[in-house]
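Residue strings, one per chain:
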Amino acid sequence: MPQINLTPTQRREKRADAHHLDPVVMVGGEGLTPAVVKETDAALNAHGLIKVRVQGDDREAREAMFVQLCDELNAAPIQHIGKLLVLWRPVPEKAKAERDGAMPGPRVVKIVKFSKSGNGRPQINKVKLMGNERVTQGGEIKRIKKRSKTTSVKKTFAD
C-alpha cells in the first residue's frame, strides 16, 4: 500500500501534536518482525499518531524500517529524529451501535429503605426498571413523561 503524503504545514502540525507523546511501540534487536508491525498497526488504529522507538544504532536500518512501516501500514512519515520514528494515519471510524435511537434497556436497581427509628435493619429491594422508568426520592417507581413540543407561555407573550 502506498504511504500518505502530507504537505509541510500538515506535517509540522502533526510533529507539534506528537511532541508530548511517549513511544507506544518498541523495536528490539531482532528488528522489524511481523509482531512489531501488527502492534504498530493496532496502535495506529487506536491513536492515529504514534511514536516508535528503535533500539538499533544503525541509522540506515532505522530509515529502512521507517519507510517499510509507512509502506506496509499506509501511514504518513512525520518525523525521524534519533531513535524515534513518528507515524500518522487517520483513525478509522468506529461502527455505530445497532440500537441507534432506541430507548435504554432494562436495568436492576437497589432500593434501600431505612427504618424510621434508626435502630432496625434497612430493607433492601432489587427492582428491575424499564427504560422509561425512574426511582423517586421516596423509593417509588414512576414512568418518565414525554415532553410536549409546545413552547412555554412566556415565549409566546415575548413576541
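Everything discussed here concerns the structure shown above.
The following paragraphs examine the structure supplied in this document. Each residue is numbered by its place in its chain's sequence as written, counting from 1. This being a predicted model, a pLDDT of at least 70 is required before a residue's local features are given, and a value of 80 or more before pairs of side-chain atoms are given or counted; all residues contribute to the totals for chains, interfaces and linings. Excluding hydrogens and water, the side-chain figures rest on all heavy atoms present in the structure.

**Quick look at the pattern of salt bridges**
For clarity, the threshold we go by: Salt bridges are identified by distance alone: a Lys or Arg side-chain nitrogen within 4 Å of an Asp or Glu carboxyl oxygen. The numbering of helices and of strands both runs from the N terminus, where a helix is a DSSP run of H or I of at least 4 residues and a strand a run of E of at least 2. Under the scheme applied here, a residue whose accessible area is under 20% of the maximum for its type counts as buried, over 50% as exposed, and between as partly exposed, the area being computed with a 1.4 Å probe on protein chains only.
Taken as a whole, this structure holds 3 salt bridges when the rule is applied. Between Asp41 and Arg89 there is a salt bridge, and its shortest N-O distance comes to 2.7 Å. Remark: Arg89 occurs in the loop between β4 (84-88) and β5 (107-113) and Asp41 occurs in helix α2 (residues 34-47); sequence separation between them is 48 residues. Measuring nitrogen to oxygen at the nearest pair gives 3.4 Å for the salt bridge that ties Glu63 to Arg59. In this pair, Glu63 and Arg59 both sit in helix α3 (residues 59-73), 4 residues apart, roughly one turn of the helix. Accessibility expressed as a relative area gives 35% for Glu63, which makes it partly exposed. According to the relative accessible area criterion, Arg59 is partly exposed, its value standing at 39%.

**As for the nonpolar core**
Heads up, the rule is: Think of a nonpolar core as a cluster: buried Ala, Val, Leu, Ile, Met, Phe, Trp, Tyr and Cys residues, connected wherever their side-chain atoms sit within 4.5 Å. Residue contacts are defined here by distance: any two heavy atoms, one from each residue, within 4.5 Å place the two residues in contact.
Counting 18 residues, the largest nonpolar core has Val27, Leu32, Leu44, Ile50, Val52, Leu69 and Leu87 as its most contacted members. Sort the elements by how many residues they give to this core and α3 lands first, with 5 residues. With sequence-adjacent residues up to four places away left out, Leu44 is seen in contact with Ile50, Leu73, Ala75, Leu87, Trp88, Arg89 and Val91. Judged by nonpolar contacts, the second largest core, of 7 residues, contains Leu6, Leu49, Ile78 and Val86.

**Things to note about the environment of Arg107**
We apply this condition: Pairs of N or O atoms within 3.5 Å make up the polar contacts considered here, provided that, within protein, one atom can donate a hydrogen while the other can accept it, and that residues adjacent in sequence are counted only when both atoms are side-chain atoms.
Here Arg107 is to be found in strand β5. Judged by relative accessible area, which is 38%, Arg107 ranks as partly exposed. The sequence separation of Arg107 and Lys128 amounts to 21 residues, and the corresponding C-alpha distance is 5.6 Å. Among all residues touching Arg107, those that are not within four sequence positions of it are Val127, Lys128, Leu129, Met130, Gly131 and Glu133. Of the polar contacts made by the side chain of Arg107, one reaches the backbone oxygen of Glu133; its length is 3.4 Å.

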